[in-house]
Amino acid sequence: MIEMGYIKRNKGTFLQADLSYEMRFMDEDNLDEVMDLQEIVIHHLNDKEMFRTHSADYFREHLQAEKSVIGVYCQDGLIAYNVLSFPGDSKDNFGLDVNLPKDDLLDVIHLATIAVHPDFRGNSLQSKMQHIHLKMMANLGYKHVCCMVSPKNRPSLQNILSQGLIIKALKIKFQWRLRYIMHKNLLSPCLIGPDVVRMDGKDILGQINLLNRGFQGFHLSRLSDGFEIHYAKPPSLAV
Ligand SMILES: CC(C)(COP(=O)(O)OP(=O)(O)OC[C@H]1O[C@@H](n2cnc3c(N)ncnc32)[C@H](O)[C@@H]1OP(=O)(O)O)[C@@H](O)C(=O)NCCC(=O)NCCS
C-alpha cells in the first residue's frame with residue numbers, strides 16, 4: 001500500500017459521492033483489471049487518437065517489473081493506473097527525441113501510460129500517481145524522465161507540466177500520432193530564460209518553429225476556447 005484517502009465519484013454533479021481509496025503497486029495478478037479499465041477509458045473518449053492503447057502482453061511485461069505500475073482502488077474496484085517503462089537502449093527511447101547524451105539513455109524512464117476512470121476524473125489522481133513514481137525513481141538514481149502527450153489532451157498536458165516536465169519537441173510518433181515530447185532532468189531543475197512567448201495550443205506549426213529555434217514549453221494557461229503554452233529559451237541560449 002502506498003497511501004489511502006478520500007475521493008469524489010462524479011465530482012461536481014448531483015451524483016457526487018465521497019469514497020475511500022487505496023493506492024498500491026500492482027502485479028501480474030491485476031492484469032485483467034487493467035485491461036478492463038483501459039477498455040472503459042477508450043470507450044468513453046470522444047477522440048480516441050489521444051490515448052494509445054496497449055496489448056495484454058505489454059501490460060503483463062510492465063506488471064512483472066516491480067513497482068512499475070501504480071493502481072488506485074475504491075469499492076468499485078480499480079479506478080486508475082499509471083505505468084512506468086524503462087526504454088533502455090531501444091529505438092523508442094524518447095531521450096533520442098530530445099537529444100540526450102548517448103551515455104544518459106540508460107538512465108531514462110518513461111511515463112508510459114495513464115488512465116483514470118471517467119467517473120473519478122478531477123481528483124488529481126494523475127498528479128498523485130506520477131508524483132509518487134517520479135520521487136521513487138529519483139531516489140533510485142534515475143536521471144531523466146520523458147513522456148509523450150497529444151496536443152489535444154489538455155488535462156494530461158497540464159498535469160505533466162505541473163510535474164516539471166517541459167516540452168522539447170512536437171513531432172509525429174509511432175507512424176501517425178502528433179505528440180509533444182516532454183522531458184525533466186530529475187537531478188537538476190530546469191531553468192527558464194526571461195523572454196516568454198505565448199502560443200495557442202492549436203498553432204502546431206508555430207510551436208514547431210519555436211521549438212526548432214531552441215524554445216521550450218514550460219507552462220499552460222487556459223483560454224475560453226482552449227489553452228496557450230508559454231515558451232522560453234533556457235538561460236544558456238537566451239541571448
Ligand atoms: C488525463 C487523465 C488521466 C487526467 O485525469 P485526472 O487525474 O482525473 O485529471 P485532474 O484531476 O487533473 O482533472 C483536472 C480537471 O480536468 C478535468 N478533466 C480531467 N480529465 C478530463 C477529460 N478527459 N476531459 C475533460 N475534462 C477532464 C477534471 O474534471 C478537472 O476539472 P476541475 O478542475 O474543474 O475539477 C484522464 O483525463 C484520463 O484518463 N484521460 C483518458 C486517458 C488519457 O488521456 N491518458 C493520458 C494519455 S497521455
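Residues numbered from 1 in each chain as written. Predicted model: local features only at pLDDT ≥ 70, side-chain atom pairs only at ≥ 80, totals over all residues. Heavy atoms only, no water.

Caption draft 1: Just the nonpolar core, in detail. If you look at the biggest cluster of nonpolar residues, it comprises 26 residues, and the most contacted ones within it are L157, L165, I167, Y180, M182, I229 and Y231. Within the residue set of this core, elements represented by two or more residues are β5 (108–116), α3 (125–139), β6 (144–149), α4 (154–162), β7 (166–173), β8 (177–185), α5 (204–212) and β11 (226–232). When residues are assigned to domains, this core turns out to be shared by domain 1 (3–190) and domain 2 (192–239), each giving three or more. Residues contacting I167, with those up to four places away along its chain left out, are L157, L161, Y180, I181, M182, L211, Q216, G217, I229 and Y231. If you look at the next biggest cluster of nonpolar residues, it comprises 18 residues, including M26, V34, Y58 and Y73. (Core = buried A, V, L, I, M, F, W, Y, C linked by side-chain atoms within 4.5 Å. Buried < 20%, exposed > 50% of the residue type's maximum accessible area, 1.4 Å probe, protein only. Helix = DSSP H or I, 4+ residues; strand = E, 2+ residues; numbered from the N terminus. Domains from an automatic or database assignment. Contact = heavy atoms within 4.5 Å.)

Caption draft 2: Representation of the packing of helix α1 (residues 31–44) against helix α2 (residues 56–64). Contact geometry of α1 with α2 gives a least axis separation of 10 Å together with a crossing angle of 130 degrees. With respect to α2, the element α1 is oriented oblique. Of the two elements, α1 crosses α2, and the hand of that crossing is right-handed. In contact with L31, V34, M35 and Q38 of α1, α2 contributes A56, F59, R60 and L63. Looking at the contact of α1 with α2 residue by residue, the class counts come to six nonpolar, one polar and one charged. (Axes fitted to C-alpha atoms, helices over the stretch in contact; angles between N-to-C directions. Parallel < 35°, antiparallel > 145°, perpendicular 65-115°, else oblique. Left-handed = near helix turned anticlockwise from the far one by under 90°. Nonpolar A, V, L, I, M, F, W, Y, C, P; charged D, E, K, R; others polar.)

Caption draft 3: Quick peek at a negative patch on the surface. On the surface, D27, D29, D32, E33, D36 and E39 cluster together into a patch of negative charge. Assignment of secondary structure puts D32 in helix α1. (Patch = residues over 30% accessible without salt bridge, like charges linked within 9 Å, V, L, I, M, F, W, Y side chains within 5 Å. Areas by Shrake-Rupley, 256 points an atom, 1.4 Å probe, with all protein chains shown as cover. Salt bridge = Lys/Arg side-chain N within 4 Å of Asp/Glu carboxyl O. Lys, Arg positive; Asp, Glu negative; His and termini not counted. Charge placed at Lys NZ, Arg CZ, Asp CG, Glu CD.)

Caption draft 4: View of α4. Residues of α4 that are buried: S156, L157, I160 and L161. Take α4 and look down its axis: the buried residues cluster within an arc of 130 degrees, on one side only. Positive phi shows up at G164, right after α4, with a value of about 95 degrees. (Arc of directions from axis to C-beta.)

Caption draft 5: Focus on the site of the ligand. Contacts to the ligand come from 18 residues, most closely from V116, G122, S124, Q126 and N153. For the ligand, an oxygen atom lies 2.9 Å from a polar atom in the backbone of Q126. One of the side-chain nitrogen or oxygen atoms of N153 is found 2.8 Å away from an oxygen atom of the ligand. In the complex, 70% of the free accessible area of the ligand, which totals 890 Å², lies under the protein chains. When each cavity is represented as a set of grid points, the ligand is found to reside in the largest pocket. Counting residues per element, the ones that place at least two in the shell around the ligand are β5, α3 and α4. Counting residues per element, the shell around the ligand draws most heavily on α4, which supplies four residues. By residue class, the composition of the shell around the ligand is eight nonpolar, seven polar and three charged. (Near = heavy atom within 4 Å. Polar contact = N/O pair within 3.5 Å; in protein donor to acceptor, adjacent residues only side chain to side chain. 1 Å grid on protein atoms, 1.4 Å probe; cavity = no way out; pocket = protein on both sides within 12 Å on 5 of 7 lines; lining within 4 Å. Sits in = over half its atoms within 2 Å of the grid points.)

Caption draft 6: Up close: the state of the cysteines. In total, this model carries zero disulfides according to the counting rule given. With no disulfide of its own, C190 has C146 as its nearest cysteine by sulfur position, at a separation of 13 Å. Here C190 falls in the partly exposed class, since its relative accessible area comes to 36%. (Disulfide = S-S within 2.5 Å.)

Caption draft 7: The arrangement of the environment of Q158 in detail. Its location among the elements puts Q158 in helix α4. Each C-alpha atom of the pair Q158 and L220 lies 6.2 Å from the other, and the pair is 62 residues apart in sequence. One polar contact links Q158 to R154, side chain to side chain, over a distance of 2.8 Å.

Caption draft 8: Just the domain arrangement of the protein chain, in detail. What the domain assignment reports for the protein chain is domain 1 (3–190) and domain 2 (192–239). One C-alpha centre belongs to domain 1, the other to domain 2, and the line joining them spans 23 Å. Between domain 1 and domain 2, the residue contacts involve 13 residues of the former and 15 residues of the latter. Taken together, both faces of the contact between domain 1 and domain 2 bury some 1,200 Å²; the carbon and sulfur share is 67%. (Buried area = accessible area lost by both parts, 1.4 Å probe.)

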